[in-house]
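A closer look at the structure
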Amino acid sequence: MALLPILEFPDPRLRTQAAAVDPADLATPAFQTLIDDMFQTMYEAPGIGLAASQVDVHKRFMVIDVTEDRSRPLVFVNPVITARDGEQIYQEGCLSVPGIYADVTRSDTITVEALDRHGQPFTLQADGVLAVCIQHEMDHLLGKLFVDYLSPLKREMVRKKLLKAKRAA
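This report concerns the structure included in the present document. (Residues numbered from 1 in each chain as written. Predicted model: local features only at pLDDT ≥ 70, side-chain atom pairs only at ≥ 80, totals over all residues. Heavy atoms only, no water.)

Attention shifts here to the overall build of the protein. Check the secondary structure of the protein and you find three helices and seven strands. Each helix and strand of the protein, placed in order from N terminus to C terminus, yields the pattern α-β-β-β-β-β-β-β-α-α. Expressed as a percentage of its 169 residues, the buried residues of the protein come to 45%. Approximately 8700 Å² of the protein is accessible, and the part contributed by carbon and sulfur atoms is 53%. (Helix = DSSP H or I, 4+ residues; strand = E, 2+ residues; numbered from the N terminus. Buried < 20%, exposed > 50% of the residue type's maximum accessible area, 1.4 Å probe, protein only. Areas by Shrake-Rupley, 256 points an atom, 1.4 Å probe, with all protein chains shown as cover.)

An order of E1-E2-E3-E6-E7 is seen for the five strands of this open sheet, with the pairing classed as antiparallel. Each having just a single partner strand, strand E1 (49-51) and strand E7 (121-127) make up the two edges of the open sheet. In this sheet, neighbouring strand axes are inclined to one another by 40° on average, regardless of whether the strands run parallel or antiparallel. Pairing of strand E6 (residues 109-115) with E7, which is carried by seven bridges, proceeds in the antiparallel orientation. Within E7, the residue paired with valine 112 across the bridge is leucine 124. On top of the sheet, helix H1 (residues 29-44) reaches E1, strand E2 (61-64) and strand E3 (74-85); it is set at about 45° to E2, its chief contact. (Pairing = 2+ DSSP bridges. Axes fitted to C-alpha atoms, helices over the stretch in contact; angles between N-to-C directions. Contact = heavy atoms within 4.5 Å.)

This part covers the side chain of arginine 106. With respect to the secondary-structure elements, arginine 106 resides in strand E5 (residues 97-106). Separated by 2.6 Å, the side chains of arginine 106 and glutamate 92 make a polar contact. (Polar contact = N/O pair within 3.5 Å; in protein donor to acceptor, adjacent residues only side chain to side chain.)

Structure follows, in structure tokens:
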């Protein structure tokens with residue numbers, strides 16, 4: 001397994017809309033290795049979700065594990081949210097926007113349909129942090145970041161702060 005470089009805001013590649021994954025690709029060793037590398041990258045970062053777009057692979061899939069002991073790794077290939085209910089405000093962070101946290105309003109409960117890492121279809125009802133994480137990672141697949149939910153002024157402040165930190169490093 002290998003650690004993958006994570007794109008950081010304001011990198012324009014984060015704005016790319018991901019293309020659907022061909023289910024035949026799931027059977028390839030290269031795709032399975034990519035999934036494993038994404039999990040390792042996410043865990044090392046440390047994070048609870050990572051969309052392929054964040055590692056400059058513009059395909060519609062993501063990895064998630066919201067457990068503290070890393071005991072429930074989930075892979076969502078070509079995910080689609082089929083139902084939403086309620087509303088929650090959650091303070092989000094992002095591996096592509098390091099050190100920045102902000103309150104974001106998202107659906108409280110969602111139903112998502114996807115393929116697993118082996119191409120098997122599944123449906124999952126999620127709430128709480130798992131629902132937030134799924135919605136957050138799916139935004140990445142659409143070229144959207146959690147900072148897009150902030151006011152233009154706050155978003156510009158975040159951009160300047162990250163650029164300044166990058167220059168200092």
